[in-house]
Amino acid sequence: MTGKAHGDKPTHRLVKITFDEASIGRSSQDIEHERAVAIYDLLEDNSFTLVDGDAGPYVLRLGITENRLVFDIRRENDTPLMAHLLSLTPFRRIVKDYFMICDSYYKAIRTATPSQIEAIDMGRRGLHNEGSELLMERLKEKIEVDFDTARRLFTLICVLHWKG
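Presented here is an overview of the structure given in this document. Position labels on residues start from 1 in each chain and follow its written sequence. Side-chain atom pairs in this predicted model are given and counted only at pLDDT of 80 or more, local residue features only at pLDDT of at least 70, and totals for whole chains, interfaces and linings cover all residues. For side-chain calculations, the full set of non-hydrogen atoms in the structure is used, while hydrogens and water are omitted.

Notes on the packing of aromatic side chains
- Two rings belonging to Phe, Tyr or Trp (six-membered ring only in the last case) form a pair when the distance between their centres is within 6.5 Å. Interplanar angles under 30 degrees mark stacking, angles over 60 mark edge-to-face geometry, and anything in between is tilted. One pass over the full model with this rule turns up three aromatic pairs.
- With centroids separated by 5.9 Å and ring planes inclined at 70 degrees, the aromatic side chains of Tyr98 and Phe154 adopt a geometry described as edge-to-face. Of this pair, Tyr98 sits in helix 3 (residues 92–111) while Phe154 sits in helix 5 (residues 147–161), placing them 56 residues apart in sequence. The same class applies to Tyr98 as to Phe154, namely buried. Working definition: helices are DSSP H or I runs of at least four residues, strands are E runs of at least two. Numbering for both runs from the N terminus. Only protein chains enter the accessibility calculation, which uses a 1.4 Å probe; a residue is then buried when its area is under 20% of its type maximum, exposed when over 50%, and partly exposed in between.

Section: the pattern of salt bridges
- Throughout this description, the term salt bridge denotes a Lys or Arg side-chain nitrogen within 4 Å of a carboxyl oxygen of Asp or Glu. The final tally for this structure, using the stated rule, is ten salt bridges.
- Here Arg74 and Asp72 are joined by a salt bridge, their closest N and O atoms 3.1 Å apart. In this pair, the class of Arg74 matches that of Asp72, namely buried.
- As a salt-bridge pair, Arg124 and Asp121 come within 2.6 Å of each other at their nearest N and O atoms. One end of the pair, Arg124, and the other, Asp121, are both in helix 4 (residues 114–139), three residues apart, so they sit about a helical turn from each other.
- For Arg124, a relative accessible area of 17% corresponds to the buried category.
- Through salt bridges with shared partners, one network takes in Asp72, Arg74 and Asp78.

A word on the state of the cysteines
- Two cysteine sulfurs form what is called a disulfide whenever their separation falls within 2.5 Å. Under the counting rule described, the total for this entry stands at zero disulfides.
- No disulfide involves Cys158; its sulfur sits 7.4 Å from the nearest other cysteine sulfur, which is in Cys102.
- Owing to a relative accessible area of 3%, Cys158 belongs among the buried residues under this scheme.

Observations regarding the nonpolar core
- Among the nonpolar cores identified, the biggest contains 37 residues, and Leu62, Phe71, Ile73 and Ile143 are the most heavily contacted of them.
- Take this core: its biggest share by element is seven residues, from helix 5.
- In this view, Phe71 contacts Leu60, Arg61, Leu62, Met82, Ala83, His84, Leu86, Leu139 and Ile143; residues no more than four positions away in its chain are not counted. Working definition of a nonpolar core: buried Ala, Val, Leu, Ile, Met, Phe, Trp, Tyr and Cys residues. They are joined through side-chain atoms within 4.5 Å. In what follows, residue pairs with any heavy atoms lying within 4.5 Å of each other are defined as contacts.

Considerations on the sheet that holds strand 5 (residues 80–87)
- Sheet architecture is open: four strands sit in the order 1-3-4-5, paired in mixed fashion. Of all strands in the sheet, those bounded by a partner on one side alone are strand 1 (14–19) and strand 5. For this sheet the average axis-to-axis angle between neighbouring strands, irrespective of direction, equals 20 degrees.
- Pairing between strands requires that DSSP locate at least two bridges from one strand to the other. Bridge analysis of strand 3 (residues 58–65) against strand 4 (residues 68–75) gives eight bridges, and the strand direction is antiparallel. What sits directly across from Leu62, in strand 4, is Phe71.
- Of the strands in this sheet, strand 4 and strand 5 touch helix 4, which is tilted by about 125 degrees from strand 5. Axes here refer to lines fitted to C-alpha atoms; in helices the fit is confined to the stretch in contact. Angles between the N-to-C directions go from 0 to 180 degrees.

Side note on the side chain of His84
- Summarising the element assignment, His84 is placed in strand 5.
- When residues no more than four places from it in sequence are discounted, the contact partners of His84 are Leu69, Val70, Phe71, Arg138, Leu139, Lys142 and Ile143.

A short note on the packing of helix 4 against helix 5
- Where helix 4 contacts helix 5, the two axes come as close as 8 Å, and the packing angle between them is 105 degrees. Comparing the axis directions of helix 4 and helix 5 gives the class roughly perpendicular. Residues Arg125, Leu127, His128, Asn129, Gly131, Ser132, Glu133, Leu135 and Met136 of helix 4 form the contact with helix 5, whose participating residues are Phe147, Ala150, Arg151, Leu153, Phe154, Thr155 and Ile157.
- Residues are grouped as follows: Ala, Val, Leu, Ile, Met, Phe, Trp, Tyr, Cys and Pro are nonpolar; Asp, Glu, Lys and Arg are charged; all remaining types, including Gly, are polar. Residues of the contact of helix 4 with helix 5, tallied by class, amount to eight nonpolar, five polar and three charged. These descriptions rest on fixed angle ranges, namely under 35 degrees for roughly parallel, over 145 for roughly antiparallel, 65 to 115 for roughly perpendicular, and the rest for oblique.

Describing the environment of Ala150
- By the element assignment, Ala150 lies in helix 5.
- Look at Ala150 and you get buried, because its relative accessible area is 0%.
- When the C-alpha atoms of Ala150 and Leu135 are compared, they prove to be 6.4 Å apart, with 15 residues separating the residues in sequence.
- Once you skip the residues sitting within four places of it in the chain, Ala150 turns out to touch Ser132, Leu135, Met136 and Val145.

Remember, this is a structural readout, not a statement about activity or role.
Okay, here's the thing in structure tokens:
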């Protein structure tokens, strides 16, 4: 299946991402910029399909309730399709480790040798991949995403954790 509708527009994709500001809130200007970049990257290229077959394109509203990430998925006209709650607990260690290694990476850029920076970056990418694979596994019963989309969503989850 190509996932195309009339006009050759992909239907199995996200076209908009918003936040439940009541549960996520606003952060510093730097973190808001990181959120915006993560959203831009995700919307530029993604593959997102509801397993039950409801056709997209989709609007995703993210929120947090009781340590769960809420995927409120809607049609472009705001018709609700599904709300999927995803426990954040399995992501805690990976996100914490990812923040630590990112901090090391940004410090290393200023003082370390290129080979040291490369080694830290390999570890950082490895953790990012681990988080992306975990996300794909946790979503697979309800939402199918490709690996690149999972990576971009994991980046967004990290940015949401990093709210200051």
